[in-house]
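Listed below, chain by chain, are the residues.
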Amino acid sequence: MPDLVFDRPKHILSAGQFDRPFLDYIYELTNTIRKYDKSKDGLQYLQSLLTHRRAMLYFTQPSTRTFMSFQAACHILGMKPSEIRDSSTSSERKGESIEDSLRTFASYVDLIIMRSPVAGLSDRMACLLDETPRPVPIINAGSGPDEHPTQSILDIYTLQRSFKSASAIENKTICMVGDLKRGRTIRSLSRLLTNYPGVKLLFVSPPEFKIEDDLRQFLLKSKISFDETTNFLDAIGTADAIYMTRVQDEYDLGLGDSKRVDTSKYALKYQHLPLLKQECVIMHPLPRRSELDPAIDIDPRAKYWRQERNGMWTRVALITILMGVDQHIVLPRL
Ligand code: NCD
């Protein structure tokens, strides 16, 4: 493996904490880990790395892929995961504060992976735990409409794999479509893409779902080129990658607010495929609704099923870094 050229992170909280050396390292590390998957000996070696460690999956917001891929990543590394998926089954129901709950988890496990509907909660919990005698690492697996840093890592990995090299992301036009206001995957991925010179971001959404101003200001400051448009058909024809997202109606303030927004023009249909570039990469963090036509699944440019599997491998890589065993992953050793 290449040498670590960055400070090992204590927690994984925000896409803003990753720089290009880290992203390149994760890419190489994940590819190496995947080679171990090719044999029983290789997998048994991975499983031996963290048999002495326990993890907690604390997911109080719905999740299929992120939950299952983190759980599988723990199993791949021999870690034993426990889980809480609903705060009504924990002592929070009896009035225990989130601070006390997290401190309790930290008494029993060595890593906390958490998803919550509250923006910024994992940052707050990381600061809190850092002040205690057991400052276990925290991974933010989605914090409200705010951040989803591990998703953005797997998205970058998928772009790199699809474009065939790390530098190939540079100078590409990445088109993001849908509810850009409340989509945390969009926010985290946009931040990460500022690490790739020449990238152009094209945000396509109805006016009601435009990116938030804090992201706009961040992008202006980082000097990345970006544009915002409502013209879906023009945008998809210029894109090297299209990142579709669903309406995030769980964050509606009033009942049915999202239903009043016309999103019908922001759906990728089978009949749009001839408009796309020959090598265009089609992505979606999933789950999808009507914005992504299942008939597209058979097109070789559709990468979202690979993207979800890449999530498992990049999360294995992230856990090895956080737990300090990534340097044990060296090929050839099988
Ligand atoms: C995303 C999420 O939870 O933010 N899903 C995921 O983690 N794969 C996207 C979404 O729910 O729309």
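The structure contained in this document is the topic of the report that follows. (Residues numbered from 1 in each chain as written. Predicted model: local features only at pLDDT ≥ 70, side-chain atom pairs only at ≥ 80, totals over all residues. Heavy atoms only, no water.)

Our next topic: the site of the ligand. Around the ligand, the neighbouring residues are T66, R115, H148, Q151, R184, T185, R246, Q248, P285, L286 and P287. Side-chain polar atom of H148 to an oxygen atom of the ligand: 2.8 Å apart, as the coordinates give it. A distance of 2.7 Å separates an oxygen atom of the ligand from a polar side-chain atom of R184. Here the ligand has 320 Å² of accessible area as a free molecule, and 94% of this is covered by the chains. (Near = heavy atom within 4 Å. Polar contact = N/O pair within 3.5 Å; in protein donor to acceptor, adjacent residues only side chain to side chain. Areas by Shrake-Rupley, 256 points an atom, 1.4 Å probe, with all protein chains shown as cover.)

In this section: the sheet that holds strand β6 (residues 200-204). Judged by pairing direction, the sheet is parallel, and its five strands sit side by side in the order β7-β6-β5-β8-β9 without closing on themselves. On the outer flanks of this sheet lie β7 (225-229) and β9 (281-283), each paired with one strand and no other. Mean inter-strand twist for the sheet, computed between neighbouring axes without regard to direction, equals 15°. Where strand β5 (residues 173-177) lies against β6, five bridges are found, and the strand directions are parallel. Following the sheet pairing, T173 is matched in β6 by K200. Across the sheet, helix α8 (residues 213-222) lies against β6 and β7, angled at about 145° from β7, the strand it touches most. (Pairing = 2+ DSSP bridges. Helix = DSSP H or I, 4+ residues; strand = E, 2+ residues; numbered from the N terminus. Axes fitted to C-alpha atoms, helices over the stretch in contact; angles between N-to-C directions. Contact = heavy atoms within 4.5 Å.)

On to helix α10 (residues 304-322), then. When the terminal C-alpha atoms of α10 are compared, their 26 Å separation across 19 residues agrees well with the 27 Å that a helix rising 1.5 Å per residue should span. Backbone geometry just downstream of α10 places G324 in the positive-phi region, at approximately 75°. (Expected span 1.5 Å × (residues − 1).)

Next up on the list: the nonpolar core. By size, the foremost hydrophobic cluster in this structure holds 66 residues, and its most contacted members are L111, I113, M176, L193, L201, F203 and I319. Considering every element that reaches this core, the biggest residue donor is α10, with eight residues. Of the residues that make up this core, three or more belong to each of domain 1 (15-147 + 311-329) and domain 2 (149-308). Once residues lying within four places of it in the same chain are set aside, the contact partners of L111 are R54, A55, M56, M79, V136, P137, I139, I319, L322 and M323. In this structure, C175, A235, I242 and Y266 belong to the second largest nonpolar core, which totals 21 residues. (Core = buried A, V, L, I, M, F, W, Y, C linked by side-chain atoms within 4.5 Å. Buried < 20%, exposed > 50% of the residue type's maximum accessible area, 1.4 Å probe, protein only. Domains from an automatic or database assignment.)

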